[in-house]
Structure formats: structure tokens, C-alpha cells
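Analysis of the macromolecular model
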Protein chains: 2
Amino acid sequence: MSRDRLIYLPLGGAGEIGMNTYVYGYGPKGKERLIVVDIGVAFPDMDSTPGVDLIMADVTWLEENKERIEAVFITHAHEDHIGGLSHLWHQLGHPVVYARAFTAHHARRKMEEQGADPQEVHTVSPYPEVVEAGPFAVSFMPVAHSIPESSGLVIDTPAGRIVHTGDFKLDETPIIGEPFSPELWAEIAKPGVKALVCDSTNVFSPKAGRSEKTVGPEIERLVKEAKGMVVATTFASNVARLKTLAEAGHRAGRSVVLLGRAMRRMVTAGVETGILKDFPTVVPVEEARDIPRENLMLLATGSQGERRAAVAQLSRGKYLGMSMKEGDLLLFSSKTIPGNERGVINIMNAFSEMGVDIVDDDGGLYHVSGHANRPDLERVHEIMQPQMLIPMHGEHRHLRQHAKLGEQKGLASVVAVNGMMINLSGNRPEVVEYIDSGRTYLDGSVKIGALDGVVRERIRMALNGHIMVSIIIDEEDSPLGDPWVEIMGLPRFGRSSAELVDVVETDLGHVLMRMDAKTLADDDKIEDQIRKAARRSAQDEIGKKPEVTVVVSRLLEN
Amino acid sequence: MSRDRLIYLPLGGAGEIGMNTYVYGYGPKGKERLIVVDIGVAFPDMDSTPGVDLIMADVTWLEENKERIEAVFITHAHEDHIGGLSHLWHQLGHPVVYARAFTAHHARRKMEEQGADPQEVHTVSPYPEVVEAGPFAVSFMPVAHSIPESSGLVIDTPAGRIVHTGDFKLDETPIIGEPFSPELWAEIAKPGVKALVCDSTNVFSPKAGRSEKTVGPEIERLVKEAKGMVVATTFASNVARLKTLAEAGHRAGRSVVLLGRAMRRMVTAGVETGILKDFPTVVPVEEARDIPRENLMLLATGSQGERRAAVAQLSRGKYLGMSMKEGDLLLFSSKTIPGNERGVINIMNAFSEMGVDIVDDDGGLYHVSGHANRPDLERVHEIMQPQMLIPMHGEHRHLRQHAKLGEQKGLASVVAVNGMMINLSGNRPEVVEYIDSGRTYLDGSVKIGALDGVVRERIRMALNGHIMVSIIIDEEDSPLGDPWVEIMGLPRFGRSSAELVDVVETDLGHVLMRMDAKTLADDDKIEDQIRKAARRSAQDEIGKKPEVTVVVSRLLEN
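If you're wondering where the values come from, they're calculated on a predicted model, not measured in any experiment. (Residues numbered from 1 in each chain as written. Chains lettered and ligands numbered in written order. Predicted model: local features only at pLDDT ≥ 70, side-chain atom pairs only at ≥ 80, totals over all residues. Heavy atoms only, no water.)

A word on the relation of the copies chain A and chain B. Structural alignment of chain A on chain B gives an RMSD of 0.1 Å, achieved by rotating through 180° and translating 0.1 Å along the axis. On this basis, the relationship between the two copies can be described by a two-fold rotation axis. When you check the interface residues of chain A against chain B, 100% turn up at the interface there too, and the contact is symmetric in its surfaces. (Least-squares fit on C-alpha atoms with pLDDT ≥ 70 in both. Contact = heavy atoms within 4.5 Å.)

Okay, structure coming up:
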């Protein structure tokens, strides 16, 4: 028997929703040839990643083994699957990238923006077309999701067939793209599926998912009944929803306007790649200003409350000459992602102050999810009859629940989180190694490690404020003048009537005066004593212990 | 006719959920005698208020008119109604405080903690007992909510009767406290209600609220079927729920343990004030360690994911010798408040890693809200038949929706947000003045204004990082040595191979060297040029513009 083995290694997306980055390998142990499936990002928040621009998987292991990488496959164009590609492509040794047309279109644009070579992105037709990549033969299986041309991957290896679902739902009437075809899935399953590596996002949703088609009539009714201007927002990449919204506007005799760069870009990409057919005529925003508001239907970016998107700008007043007012309607044809609630609520209240009526997804009336719910997952397990089920894309609780679901049906399963290398060669998934995994932050133009301490310092300054102390020591190791204190993020006055900086300066002056010669000869000792004294002084004055930076300057003898 | 008028002035809680602080006045314009209803807090978050301890209403107007304050009435002991009392009591001129026993119990403890006089808190029996306070005669009308002895206030004035609902739900089987009595409400409404000032929190919930009693059987079933240890969490102040949970544990043959200070304190308060009757025997945690885990039911603090609460500590490992493991069950008998999702989800995933099964409210099976839903509000409007409806306690969108609801039924209404003084004397509510309102932060031991800029500086440091520059200028206005640079919250390396501090120091050294005599004679000019140069240098090196603090030290001629 061959000593070759088939491995699966999630580096992102297994233990979180977002940042999808998966590796498959085949070959002798430690020398497996590799393919990478998706290189996505996650988004930062104030609580844990203030100031950070993007979060990506730590791909150090891949970088160290870049000669073994045969290719990268991108399942679809959502940021959490494609967003890291252009940022990490150089690091991974410029691998060739495969994707379907719509996804490749976006990948190329992103590669270009980051100085990567867009020519390395190759467009692939869906199953049964096959891409050979070392020991792997890969086909793109069309699936329904909330962005065009989403794909699962059929990955054939000498050790058997893997079906990597990507993000998907079962939708027989998806408005755009190929409907779910149980026959196609059965055909793919026929030779036998060794491992089904399967989206877990909606495993806690107990009812079968609803089709994209079901939201159309509801939206149409809502728009028809609206009296003023209608603004609808959803993810720009949900092109099927854009079409539904635009058609609802069109049928209600409204002119359709696209508001926000991503909105215009996605519709353009949809039309150019031939995906978006019969999209109602769009009116430029400059012309929209002359159309009566009751004849307007605006599709705007910003369904997650993003501060710079069109909806947020409208909530603060005028945007490109458009503004909302009493009697207008704002439709969130979307679900708020956990963590974005406050931003969305703030916008809703700003519109409420203008007298704008807000309608949200209202329990599914105006929005459906793009992921497979529990019964849908069970249906897929049933069709695919895999030897093993590897839950993928989800927080730990999702993966665990999905694994349980499989085990109840007798499928060998494992909760494989980022960094766990799984051997799929045998009859059961087997954890064979733990790879250092983690997060890399794109911060401005620099990539920093999540554990570098940079972000921790930011959080501490945000929680505790910051005191800067400057001390000058003369040529004879004596303090020259008093310590100078500056504060940032701290109240000007505490319990004394004097200013906080004056109180701290006085306290530090005393400390400095009492320092012995040995301490004064040692910068580290001075810093340490001054830092402690500054914190004590602040604690006493304002009840907080700030971060403290001490600069000791020494005058040198000439 | 009298020139006296009846006014309503929300200072907190009208335009947000939390921080409830309402004022009523009666008398000649500008000389109305005042009562204050509730003095609550809101809770900070990293996004907008990092480092802040508590958020309270800005009571400057009340302070300026403290001689006119007759009394403070507290409707119930939730922090968003009582939390600011002890912190603002001195500022308001030490007013007398009235509350029912359970609420007064908590108010006194808090007053004592803050050095305020607990004796000024008076216990009042419920309606029909009346407290006279200047021109006001006030009764505490028992209502059901999610904490014992919640009350609406019946406020009689020479201009008519006001019913201020406080937080409430309509619950005919509330487990603890007085059931909702339509007869009592009708009796109170009988003399005619001039204004119904009414909780709006759940106005968007379309179905009638469910009774506290409905969760008992479901929880009991869940606990009975559990195999390992059961830990249940809810707000400690929801004493009725604690009782339900404890009884479910008791009936399943489990020993009940209270975990977390608030949990023990609330049960003690409930027993001492006679509210909590027949609470199952509680086992101290020290004894619990010797009881088989399948015979344990722990009630733990931390339903909102609070980092220091019992549940969060259990999610990180051992807490007071207890720990959870594979096969145990954690029940969130609670709803996650918007903004707390991430914290709660992180905890769920930590438990998932331990193999602990998580059950959340699951669409209401294990939790019911303490607020009146839309049909309940309509029922109250119907019973009370007020001349006007003033929506209270809610974000703008809630108040607006509630006002609409009233207007549909022909009730004069107004969306009155914090700072709007409303004249209730006429036939319709009338906005007569705008008072400066806002937020005061308790930050360590200091109160700071929301607009003081302190928190803005913290947010900026968190987003941009901080550079400190120290420059020494000698007696002849010449730079002495090179600038010294320290960084906090910034990456050590940027695009150069040299460290960021070295690059910035070099750049600033050049800037300093080129400065003309006029600039060098002026600290402000030096700071300004150095700040700009440091930001430029960082932008070039790391793609970010940090906050910059410059300290210029001048050596003086002797």
C-alpha cells in the first residue's frame, strides 16, 4: 500500500465565522502536495481589534511550505473567502489561482489593487470541467448562496473524492444562477465520497431554508404600498436580491437608482459577466434628483450600518444630493451580523428622527439566509453518503453541533478547528498534528501578528488613558528641573482643585528628589519608579491607573 | 384660571434604553416644584465609551434648580433606574428618596457605598398609600416586571392625574409579587388620567407578552432530562426566575448552589424583605464540591457575558473549585441585550470546546421578557383612556412607534426625547423648552462630561496608536541632541528594515535641524511642525497617522 496520505488543514474559518482558509494535501507525510481553498478575511471591531483594517489567517505554515502549493481555489467572491488573497499572494509564492468567472473578475481587480499579478487568476467553467493541480483534480460544483457563481469543490485524489461545499444553501429557485439539483449532487456522490467538508454556519436553524424567490412578492407588496421614496439596502454582492429589489421598484413604476460604489460595481460586474440579465434600467443619481420622490427606488450600500456606506451617510443628512424625509421608507433586506447591532440601531434611530419608516427583515419576510439550515444539511448528508463528515466554516459550537448531527446518522466526524491537521486517508478522520495557527492583522500598510502586543497596548490606552513623563538628568546624574507630564484620554481635573498634570508633576518631583544616586544612574530604575509613582498619583486623584510612558533624557558631558 | 403649569422633562431614558431619569414639575412657569422619577445608569462599551465605568444623565439643570426638588421616587431596583441615585444624590442637594421595600433595601446599600445618607431613603407601601411631595401626591402602583416590587407611579397634581408606568408587563401569574389586576388599573383610571407616561421598550414585539409562569414547565423538563451538572444563568435581579430555576433543580433531585455575588445578594435580599418565600434550600459552594455533578443545579451570574461574572469565569476554567465538563448543561434563561452578543458568543464557544451543551432562550421557551409588548400597550391605553399618551423609556424609534400607536387610537401624543420640556397642562402635550441634556460619565472616581473630549482621545489612541516625542532645546534656542521617540500601540517595524522609532527619530532630527530661529523660539510652533512630521513619517512607514504628543523641554540659563 502507498505511504501517501490525504490531509485536511483548516487555517481560518474553523472556529469562527469568517476568514476561511483551508488546505488539502496529498503525498508522503510532510511532503504532501498542497492546494489552498479560499483565502478570506474577518473584520475587526473596537472590542478586540481597534485600529486594525483586516484580519487574515496566519499563513506562516503555508509560507514555509510554499514550494508544495499547487494552486489556490476560490469558491466565491465574498470577502471572508476571497479578501485575503491579494494580501497574502506574494507570501505564498505567487500561486496560480482558479475561480469561476464572476469570482475571478473580483479576484483580478483585487490583485491589481495590491500589486499582485491578475493574470495568475484563471477562469474555470463549472463541473464537469476539471482543473489538474498536482495529485488533485478539482471541479467547481455550482451551489446557491447569496452571491453569484458560488461553488462547492469536487476534489478527486488518489485516496478518494472530497466534496468541499463552500458556503451554500439548497435553493431550487435562486433567481440567479443554477438551481439546486439533487440529481447533480447524486451524480457527484455516485463514485463514493470519502469526506464531505461542509458549511456549518446555520446548523442551529431548525427549519429548512427558504428560497430566494419567496422574498420577491413580499418586497413587491411593500414597495407598491409605499407613499414616499423607498431606499432598500442589502449586501451589494447579493445580486439576486438586487434584482428582486430593482424589479419590485420597476413594477411599482419607480426609477431605480444605485447608491454606493459597491452597489454600482456589483451590478456592472453582474451585467458584464452575463449573470445579471434583464436588470431594470438604472437612473444615475444626478437625474434622480429631478424625479418625484414617490417615483424613486434607491438601492443603497450599508445594510450592516457601515459608517461610510450610503445608508449611514443618508442617516446623517444629504448624500450625493439625495436625502430622506418624513414618509419615506427604508428597507433592510438583510440580517444584522452579530456585532453590528449597535451601528444598525443608531442608523435606525437617526432615520426615526427624520420621520422615515424603517422595515427590517421582520422574521424572514424580506430576507432569506444564504446558508443551509439543519434539515438542509441533513438532506445533503443523505444525498452524499460520505464516509466522513468534516464540519467546516463555523464557530466551535457550530462545528460541534454539526459533528453531532453527522454522528447521529453514523457518519464518522471530528471537530477540526484551525491548526488541526486531519488525516483523511483511513476510515475515520484522525488528528495527526497541531500546526501553529492564528491571526494576522493588516494594520495600515503593515501586517502584524495578533499576539505582537500592539493591539493590546491600544486597548489599554483606550481603557486607562495615557500619561507621558519627560525627565532630564544632567551630566552629574542629577535631575535637571521638574518632571514634565502630559496626559491623553484622562480627565483634566480629579479630586483636587489643581489640574491632574500639576498634581502628578508635583508628586513625581518629590519622588525624583528622593531618588538615590544608584537609581539616578540607571534609566530603567528611574522609569520603573516614576511609572509606579505616576500610577499611584493618578489612582489617588482620579481613581484610575493609566498607562505610563517615561522618557529619560541625559545631558552628556562635552 | 391658575397660571400654574404641569411639566414633564425627560433627562435620560427618552431616546435610549437605559439611564432613566424623568422630572415632573408643577407651579408657575420657571418656578415649578419638582419631583424626580428614577435616576438610572447606562453601561459603557468599547465602541463609544472605552474605559468609562458608568453613564448617567447630565443633571446640570436639576442641580441648578435643586431648591425646587421635593423628592425622588424610584420605581424599581434595576440599575437603569436606580444606578445613578447614589452618585448624583449630593449634586441634587440631598433630596428625600421614596421607594418600596425591596427597592429601598438596594438603594440604601448603594447610598452607603457612596457615602450618601441611607436614612434619606424611605420605604413606602403600595397604592393606595400616598406620599405628599409639594404639589404632588404620589402612590406606588404594583406592576409585574423582571425584578420584585416594580411599580408604576400614580402622580396626582392640581392639573390632573399622571400615570407613569415605569417598566412593566401585564402578567396575571408573575410567580412573585402582585399579579396584573385590570380592576386595580381601572380603579386608578376612573378619576380620569391626564397623561399616561408609558414604557415603550417592547413596542416592536407584535404578540402579547407571555407570563413568567410559562417558562417553569419547560425549564423543569430540560433540567430533568439533563445528565450532568446544570448551570443556569439569568439576571440575578430576576428573583422570580431564580425561584423557577431553583425549584426545577430541586424537583429534579438536585442541590441548588448560588454562584456569584449578585446572585447570593439578591436571594438574601428577597428572603429578608419577605418577597422570596419557599425558596429551595441552598447549598454553599464549598459543600457542592462533594456532591456528584448530576445532583447539582448552579445558578450563576453572567447571562450577558460579563467578563468577571461566574459564567465567564467557568468558561475560562475553575471558579471557586467548580468547573464544567463534557456532558454538562449551561442554560441561558435570558435574552442577550444588543451589544453584548460577542461576549456571550465567545463564552458559548469556550464551553463548546469543553463539550458543554448550551441551551439559550430558544425563541422564548426558557425566557420571557419583562416588558409590555404592543398588544399589551394597546390594552393599557384602552384601560387607562388617558387624555394624552407620552411614550417613555425607549430609543427614538420605539418612542415614535408608540406615539403612532396612540395617535391611531385618537390619543394626543408626542415624541418627547431627553431635554424636551413638555407642558401637560392643556389638551395636548406641548413642547415648551429645550433643556441642555446629555451624558455624564463616571470614570474611575471622576465625573466627566460626554463632550469633554477625554473619551474621544482614548478612541483615537485605540484606532491610531500613539507616538511620544521628547525634544530638548538649550539656553540658546538650539536643539540639544536628537529627538527621542517612544511608541505605544504601533507596530515595531514598518516597510523599512529599521525600527519605526528609529525611522521617525531620523526624520524628526532632519526637521529639527532645518528649523529656523523663529520657530525654535516658540514651543507651539516646534510642537506643530514635529507633530505633522511624525505623522507624515509614520504614514509613509506603516500607512497610519498616529496621535502624537510632543514634549519640548527648555534648559534655562542659570
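That was the structure; now back to the text.
Another aspect to go through is the packing of aromatic side chains. Throughout the structure, instances matching the rule amount to twelve aromatic pairs over all chains. Ring centres 5.4 Å apart and planes at 40° place the aromatic pair Tyr 8 of chain A and Tyr 24 of chain A in the tilted group. Note that Tyr 8 of chain A is positioned in strand 1 (residues 5-12) and Tyr 24 of chain A in strand 3 (residues 21-27), a separation of 16 residues in sequence. For Tyr 8 of chain A, a relative accessible area of 0% puts it in the buried group. Here the aromatic rings of Phe 73 of chain B and Phe 140 of chain B are separated by 6.1 Å at their centres, their planes lie at 45°, and the arrangement is tilted. Taken together, the residues span a long stretch of sequence, with Phe 73 of chain B in strand 7 (residues 69-73) and Phe 140 of chain B in strand 11 (residues 136-142) at a distance of 67 residues. (Phe/Tyr/Trp six-rings, centres within 6.5 Å; stacked < 30°, edge-to-face > 60°. Helix = DSSP H or I, 4+ residues; strand = E, 2+ residues; numbered from the N terminus. Buried < 20%, exposed > 50% of the residue type's maximum accessible area, 1.4 Å probe, protein only.)

Moving on, we come to the interface of chain A and chain B. Contact residues are listed per partner, giving 60 residues for chain A and 61 residues for chain B. For the chain A and chain B pair, buried surface summed over both sides reaches about 5,300 Å², with 60% attributable to carbon and sulfur atoms. The largest contributions to the chain A side of the interface with chain B come from Met 46, Arg 342 and Met 488 of chain A, which together make up 13% of the buried area. Counting every contact that joins chain A to chain B gives eight salt bridges. (Buried area = accessible area lost by both parts, 1.4 Å probe. Salt bridge = Lys/Arg side-chain N within 4 Å of Asp/Glu carboxyl O.)

What follows covers the UniProt feature "domain: Metallo-beta-lactamase" (unreviewed entry) in chain A. If you check UniProt for "domain: Metallo-beta-lactamase" (unreviewed entry), the listed places come out as residues 18-219 of chain A in our numbering. In the segment residues 18-219 of chain A, helix accounts for 19% and strand for 29%; the C-alpha atoms at its two ends are 29 Å apart. (UniProt positions renumbered as here; feature names shortened; annotations may be inferred.)

A separate point is the sheet that holds strand 7 (residues 69-73) of chain A. Residue and element names in this part refer to chain A. Strand order in this open sheet of eight strands is 9-8-7-4-3-1-23-24, and the pairing throughout is mixed. Both edges of this open sheet fall to strand 9 (121-123) and strand 24 (430-434), since each of them pairs with a single strand only. When the angles between neighbouring strand axes are averaged without regard to direction, this sheet yields 25°. Most of the contacts of helix 4 (residues 101-113) go to strand 9, to which it runs at about 160°, and overall it touches strand 8 (97-99) and strand 9. (Pairing = 2+ DSSP bridges. Axes fitted to C-alpha atoms, helices over the stretch in contact; angles between N-to-C directions.)

Quick look at the sheet that holds strand 10 (residues 131-133) of chain A now. All names here are of chain A. A sheet is described by the order of its strands in space; here seven strands give the open sequence 10-11-12-13-14-20-22, paired in mixed fashion. Each having just a single partner strand, strand 10 and strand 22 (412-413) make up the two edges of the open sheet. As paired strands, strand 12 (residues 151-157) and strand 13 (residues 160-164) are joined by five bridges and run antiparallel to one another. Its bridge partner lying in strand 13, Thr 157 is registered against Gly 160. Helix 5 (residues 182-189) rests against strand 11 (136-142), strand 12 and strand 13 of the sheet, and its axis sits at about 165° to strand 11. The strands touched by helix 13 (residues 396-408) within the sheet are strand 14 (195-199), strand 20 (388-392) and strand 22, with strand 20 carrying the most contacts at an inclination of about 160°.

Further remarks concern helix 15 (residues 500-513) of chain B. It helps to recall that an α-helix has 3.6 residues per turn; residues three or four apart then point in one direction. All names here are of chain B. The end-to-end C-alpha distance of helix 15, which contains 14 residues, comes to 20 Å, matching closely the 20 Å that a straight helix rising 1.5 Å per residue would cover. Regarding helix 15, the residues found buried are Leu 500, Val 501, Val 503, Val 504, Glu 505, Leu 508, Gly 509, Val 511 and Leu 512. Looking at the buried residues of helix 15, the elements they touch are strand 27 (466-473), strand 28 (484-488), helix 16 (517-520) and helix 17 (523-542). (Expected span 1.5 Å × (residues − 1).)

With that settled, consider the domain arrangement of chain A. In terms of domains, chain A is made up of domain 1 (5-207 + 369-449), domain 2 (215-361) and domain 3 (465-554). Spacing between the C-alpha centres of domain 2 of chain A and domain 3 of chain A amounts to 55 Å. (Domains from an automatic or database assignment.)

Moving on to the pattern of salt bridges. On inspection of all chains with the given rule, the structure shows 60 salt bridges over all chains. For the salt bridge of Asp 357 of chain A with Arg 400 of chain B, the shortest nitrogen-to-oxygen distance reads 3.1 Å. Taken together, the positions of Asp 357 of chain A in strand 19 (residues 357-359) and Arg 400 of chain B in helix 13 (residues 396-408) put the pair across two chains. Given the relative accessible area of 25%, Asp 357 of chain A is considered partly exposed. Between Arg 554 of chain A and Asp 477 of chain A there is a salt bridge whose closest N-O contact spans 2.9 Å. Remark: Asp 477 of chain A occurs in the loop between strand 27 (466-473) and strand 28 (484-488) and Arg 554 of chain A occurs in strand 29 (residues 547-554); sequence separation between them is 77 residues. Exposure remark for Arg 554 of chain A: the relative accessible area of 25% places this residue in the partly exposed category. Bridged by salt links that share partners, the residues Glu 220, Lys 224, Lys 243, Glu 247 and Arg 251 of chain A form one connected network.

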